[in-house]
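Residue strings, one per chain:
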Amino acid sequence: MPVPFSLEQQVAIAAVRRACALTTTVFNKLVAGETLVKGDKSPVTVADFSAQAVINTILSHAFPDDPIIGEEDSADLRAPTKESELLRSRVVELADEILVQPPLFFPRGVDEDEVVVGGSGERPEWGLGRRWGAEALLKAIDRGNYAGGRLGRMWTLDPIDGTKGFLRGGQYAVCLALLVDARVELGVIGCPNLPQITNDSGGDNKGALFIAVRGHGARQLPLSPSALSTQVRVNMPHLALHDLSFLESVEKAHAALDTNARVAARIGVRGAPVRMDSQAKYAALVRGDGGGGVYLRLPVAGGGKGGNGGYQEKIWDHAPGSLLVEEAGGVISDSRGRPLDFGLGRTLGENFGVVAARKEVHAQVIEAIQAVLAETEGEAEGEGTAVRTVPNFWLR
Ligand SMILES: Nc1ncnc2c1ncn2[C@@H]1O[C@H](COP(=O)(O)O)[C@@H](O)[C@H]1OP(=O)(O)O
Ligand SMILES: [Mg+2]
Ligand SMILES: [Mg+2]
Ligand SMILES: [Mg+2]
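Residues numbered from 1 in each chain as written. Chains lettered and ligands numbered in written order. Predicted model: local features only at pLDDT ≥ 70, side-chain atom pairs only at ≥ 80, totals over all residues. Heavy atoms only, no water.

The strand order across the open sheet formed by 7 strands is β1-β4-β5-β6-β7-β8-β9, and the pairing between neighbours is mixed. Of all the strands in the sheet, the pair left with one neighbour each is β1 (68-70) and β9 (232-234). On average, each strand axis in the sheet is tilted by 20 degrees relative to the strand beside it, whichever way the strands run. Here strand β8 (residues 218-222) pairs with β9 via 3 bridges, running antiparallel. If you follow Ala218 over to β9, its bridge partner there is Val234. Sitting on the sheet, helix α1 (residues 6-31) touches β4 (153-161), β5 (173-180), β6 (183-195), β7 (206-213) and β8, and the angle it makes with β6 is about 30 degrees. In this fold helix α9 (residues 319-327) packs onto β4, β5, β6, β7, β8 and β9, with an angle of close to 95 degrees to the strand it touches most, β6. (Pairing = 2+ DSSP bridges. Helix = DSSP H or I, 4+ residues; strand = E, 2+ residues; numbered from the N terminus. Axes fitted to C-alpha atoms, helices over the stretch in contact; angles between N-to-C directions. Contact = heavy atoms within 4.5 Å.)

Let's shift gears to the sheet that holds strand β10 (residues 245-248). Here we have 5 strands laid out as an open sheet, ordered β11-β10-β12-β14-β13, and mixed in their pairing. Across the chains shown, the open sheet's two edge strands, defined by having one partner strand only, are β11 (274-275) and β13 (330-333). Bridging between strand β12 (residues 292-297) and strand β14 (residues 354-358) involves 4 bridges; their strand directions are antiparallel. Within the sheet, the bridge partner assigned to Val294 lies in β14 and is Ala357. Where helix α7 (residues 257-267) meets the sheet, its contacts fall on β10, β11 and β12, and the angle it forms with β10 comes to roughly 160 degrees.

Moving on: the UniProt feature "binding site: Mg(2+)" (unreviewed entry) in the chain. Listed under "binding site: Mg(2+)" (unreviewed entry) in the UniProt record, and renumbered for this structure, are Glu71, Asp158, Ile160, Asp161 and Asp317. The greatest C-alpha distance among the residues just named is 9.9 Å, despite their covering 247 residues of sequence, which places them together in space. Lining the largest pocket, out of the annotated residues just given, are Glu71, Asp158, Ile160, Asp161 and Asp317. Tracing the sequence through the fold places Glu71 in the loop between β1 and α3 (75-78). (UniProt positions renumbered as here; feature names shortened; annotations may be inferred. 1 Å grid on protein atoms, 1.4 Å probe; cavity = no way out; pocket = protein on both sides within 12 Å on 5 of 7 lines; lining within 4 Å.)

On to the site of ligand 1, then. Lining the immediate environment of ligand 1, one finds 16 residues, of which Ser249, His254, Ser278, Lys281 and Asp317 sit closest. Side-chain polar atom of Asp161 to an oxygen atom of ligand 1: 2.8 Å apart, as the coordinates give it. The contact in question runs from an oxygen atom of ligand 1 to an N or O atom on the side chain of Lys281, over 2.6 Å. Considered on its own, ligand 1 offers 560 Å² of accessible surface; in the complex 85% of this is hidden by protein. Put simply, ligand 1 lies in the largest pocket. No other element matches the 3 residues that β4 contributes to the shell around ligand 1. (Near = heavy atom within 4 Å. Polar contact = N/O pair within 3.5 Å; in protein donor to acceptor, adjacent residues only side chain to side chain. Areas by Shrake-Rupley, 256 points an atom, 1.4 Å probe, with all protein chains shown as cover. Sits in = over half its atoms within 2 Å of the grid points.)

Within the protein, the magnesium ion (ligand 2) binds to Asp158 (OD), Asp161 (OD) and Asp317 (OD); these donor distances fall in the range 2.0 to 2.2 Å. Taken in sequence order, the residues that donate to the magnesium ion (ligand 2) follow the motif D-x2-D-x155-D. (Donors = N, O, S within 2.8 Å, 3.2 Å for Na, K, Ca; no water.)

In this structure, the largest pocket spans a volume of roughly 480 Å³. Elements with a minimum of two residues in the lining of the largest pocket: α2 (42-62), β4, α6 (163-168) and β12. Take the lining of the largest pocket: its biggest share by element is 3 residues, from β4. Classifying every residue of the lining of the largest pocket by side-chain character gives 8 nonpolar, 8 polar and 13 charged. Around the second largest pocket sit 21 residues that line it, and Arg17, Cys20, Ala21, Thr24 and Ser224 are the ones nearest its centre. Elements supplying a minimum of two residues to the lining of the second largest pocket: α1, β6 and β7. Per-element tally for the lining of the second largest pocket: the top contributor is α1, with 8 residues. (Points joined across faces, edges and corners; volume = space filled by probe spheres on them. Nonpolar A, V, L, I, M, F, W, Y, C, P; charged D, E, K, R; others polar.)

This is how it looks when you write it as structure tokens:
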């Protein structure tokens, strides 16, 4: 059976690989280098903008009619200040340095499932092999301004997901997905710091790329392109409840980690949680890394409906990861078991968290979440104090 979206796959892989080469360079030069003053967030800003410029340039040449929902926009690069000018020139230099590299060509073969393997098969008409300069690159960044919606074909991009992880030298991911009528059809996640082999410490093995095509499975390939980069199929392992661990955020502000612990205890999960930044969590989940069999992300308290200080999850933070989970044999939903809705615009709306796991485990986790939240609410009322975690509208 021919694999759908095969050109889109080639373009997305090439774009994510080039962006990852860029973010790795920025990390080595600016974060690990001597130039960084503690607390300085500028490297991630530079990398965010330039990675979005690279990917959007490639997408808009390969698919000029496709809108893009990207995290960043160029406003900060256009301000008439010295600081903005400096930022702009660094972004332009970095993006052009990556785009000017000639298109790579590796002979392509097909694997046993007739999936294209090996080369990235890049083409010059994707905007490669030349420099674009400031105006074109800022325009490319702003191609990411699309509002999203229920109908049509569109891409969604997080040029660096897990900015905190990037700065710590931990996990981060370059994430790209293609949506058609609000359904994720293709997802590509580049993880420059994730070992290709589970539980390996890294070294030469660092840098994994994940790709999922609806109806055609999930695959992993090395992040660095080479003629030998064959894709391997990824299937979520079956793990017994007591053998698994929850995968969760490092940042306390991003997810209610205390609630996670109560949910884990309730269903008999004994393993300590595995904490990791970014959608690398989805990659770890589908491989069963570290016993991780459940990705749980519950909004923290506060901020009214939906909690999380009013924070709404963004579609680029879950679109490719969600397809990866589904194609690797898992289930993903919000904490009430409802499907994530990618057709609401740039956010997932009031989606009440994210739960991903194998089917049997998933159902148990959803049940446990509801029970823990009901319990928490009861305690809060009993104490006569403010509700500590998420209030009862979750249970409706
Ligand atoms: N208050 C928040 N609650 C939940 N997620 C957030 C919040 N603020 C930022 N994020 C986004 O959450 C994701 C990281 O989650 P995690 O901590 O699980 O890795 C990132 O996409 C991050 O944005 P960004 O892409 O800018 O880093
Ligand atoms: Mg993100
Ligand atoms: Mg980001
Ligand atoms: Mg951000």
